[in-house]
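Each chain, written out:
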Amino acid sequence: MSGQIKQYLWSEDTQEWNLFWARPSRQCGVYGICGPFGICNQNSTRLCTCMQGFKERFPEDRNLNDSTGGCKRKTSLKCGDQASYSLTRNMELPANVQSLEVENFEECKSACSSTCSCKAYAYASDGCSLWDGDLLNVQQLSPGETGGRDFYLRLDPSDILSTSEGLANGTSKKNKGAELMTIIISVGTAMIVLGLIIYFAIWRRTTKKEGKNEEIRTQEDLELPLIDLITIETATNYFSQQNKIGEGGFGPVYKGCLAEGQQIAVKRLCKESGQGLNEFKNEIILIAKLQHRNLVKLLGCCIHGDERLLVYEYMPNGSLDYFIFDEKRSTLLDWNKRMNIIMGIARGLLYLHQDSRLRIIHRDLKTSNILLDIDLNPKISDFGMARLFGGDQTEGMTRRWLYVSRICDRRALFSVKSDVFSYGVLVLEMISGKKNRGFSNDSHQLNLLGHAWMLWNEGKALEIIDPCLGDALPVSAEALKCIQVGLLCVQQLPDDRPTMSAVVFMLGSENAVLPEPKEPGFFVGRNPTDTSSSRERNSENQVTISLVEPR
């Protein structure tokens, strides 16, 4: 039992129930999920662990995935002894806190030390927090999460010296104790370093013998955990067809469940895939450096012989196209949810283009690459087509033309404005519930872009809105603004398209003045031709080609 209230939807395609909604959305949000003196870590392979100096109260319950019994002290506290504390950082603090106004950190520490019943304390600019009972609902936040605090747990000195955790003592130790700690740390560090040297020496010798010089050389290069193949095979039921949830340019994607209960999505590189080892390395290096709430999180990878796999967080609601293009499921996405998805994708793209440590062009943005979490928040996925670029440099262009503005000739370059075009197509699809490719209308042969452009010029733009929204559309002006932003993004000339920072501003501001959109690029549905491009012309596979200028 997870302690959560969950809603499932039946999928006719996969003939299984899929999780759609849960409260609390995170299992760590369930009250007392890890019991007294337990720490919940949503991002760990093991959800519940004991605090330093504590051990499981009922170890036999671990096999039942039940940690509500909590933990008990290894060594009981003795009132009157000098207080010692263990420091843990970035913690979501326990419930049942007692607040105390103090002048500084030392006063807060002294207040806890002078009370035998005090179990822990925390200090911040807003005052001192004390706990004197069982500590419940303590969460360890990940490095990227905000709102965490430094947490000082009261322990017997022997429990602090028995670990390598940092010491936050109320009194200074004797020289002998300090020397002992120094020796322990030095010896431990030396053993770790020696072990790493031996490991990498054996690893490099093995790879040379097997002729795998092209493989990624160290885990340090990857900047994320390596997961062994046996663990992934067990989690995915040995890549069974029942666990297969998708297929992309990278290869098949499988749903898996680790032994601790954490659900994962595993991408498996196909030998027949156009993406080879270099693309695999590229995706690992890219995604490991990217941390944003609207990007799918990479949890680890596996390199074993010919097997190369990426392990992601699992998105229970699947991809956006599963909802938006289905007559029944699209009704679950009301206007507010669609607007939240449109804004989330814009913020994720802005991060890729401008705010991340790297500057990245996604190059394959489409509804099937937008995944939805338990609360239907969007997360951009599939960076297999992405390329690094710095300054004004750009990279070669893909031949996917469903969302991309143009197929280029051999001298063409890819820019962020190509992603902007793809985003504009996606916005218009979100609003209309129709696919751009394959769109049909009895009165003309335009695709969705051309249809939206025609209605805009006729003053009938709101007619493109998905009929399933019905009377649920709260503000027609907001919908009209989204249509206008979508048309601005798909304008024919890249220089006319806005940047993603401008898109985020236009969508988020009530007073923003938007320019009138110009004719979109590539808007004919069947046998498309370029009607007014002033750029270089060429054609290939009945698709018009224009030169995409670098930024």
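Anything mentioned here points back to the structure above.
Per chain, residues are indexed from 1 in the order of the written sequence. Reporting of local features is limited, given that this is a predicted model, to residues whose pLDDT is at least 70; pairs of side-chain atoms are given and counted only at 80 or more, and all residues count toward the totals for whole chains, interfaces and linings. For side-chain calculations, the full set of non-hydrogen atoms in the structure is used, while hydrogens and water are omitted.

1. Some details on the pairing of strand β16 (residues 263-268)
- For two strands to pair, DSSP has to find at least two bridges joining them. Where helices and strands are cited, they refer to DSSP runs of H or I of at least four residues and of E of at least two residues respectively, numbered from the N terminus. As paired strands, strand β15 (residues 252-257) and β16 are joined by five bridges and run antiparallel to one another. By the bridge assignment for β16, Gly-256 is matched with Ile-264.
- Where β15 folds back on β16, the antiparallel hairpin that results is connected by five residues, among which Gly-261 adopts a positive phi of roughly 100°.
- One ladder, built from five bridges, connects β16 with strand β18 (residues 307-313); its direction is antiparallel. Across the sheet, residue Ala-265 finds its bridge partner in β18, namely Tyr-312.

2. Topic: the sheet that holds β15
- Spatially, β14-β15-β16-β18-β17 is the arrangement adopted by the five strands of the open sheet, whose pairing is antiparallel. The two strands at the open ends of the sheet, each matched to only one other strand, are β14 (244-247) and β17 (298-304). Averaged over all pairs of adjacent strands, the angle between their axes in this sheet comes to 25°, without regard to strand direction.
- Bridge count between β14 and β15: three bridges; the pairing is antiparallel. Looking across to β15, one finds that Gly-246 is bridged to Val-253. In this analysis, axes come from line fits to C-alpha atoms, helices being fitted only over the stretch in contact, and the angle between any two N-to-C directions falls in the range 0 to 180 degrees.

3. What to know about the packing of aromatic side chains
- Any Phe, Tyr or Trp ring, taking Trp's six-membered ring, that has another such ring centre within 6.5 Å forms a pair; planes under 30 degrees apart are called stacked, those over 60 apart edge-to-face, and the others tilted. Per the counting criterion, the structure on display carries 11 aromatic pairs.
- Note on Phe-37 and Phe-54: the rings are 4.6 Å apart at their centroids and 20° apart in plane angle, and the pair reads as stacked. In this pair, Phe-37 sits in the loop between β2 (16-23) and β3 (38-40) while Phe-54 sits in strand β5 (residues 54-56), placing the two residues 17 residues apart along the sequence. For the pair formed by Phe-37 and Phe-54, the shared burial category is buried. Accessibility here uses a 1.4 Å probe with only protein chains present; expressed as a share of the type maximum, an area under 20% marks a residue as buried, one over 50% as exposed, and anything in between as partly exposed.

Read these as geometric descriptors, not functional statements.
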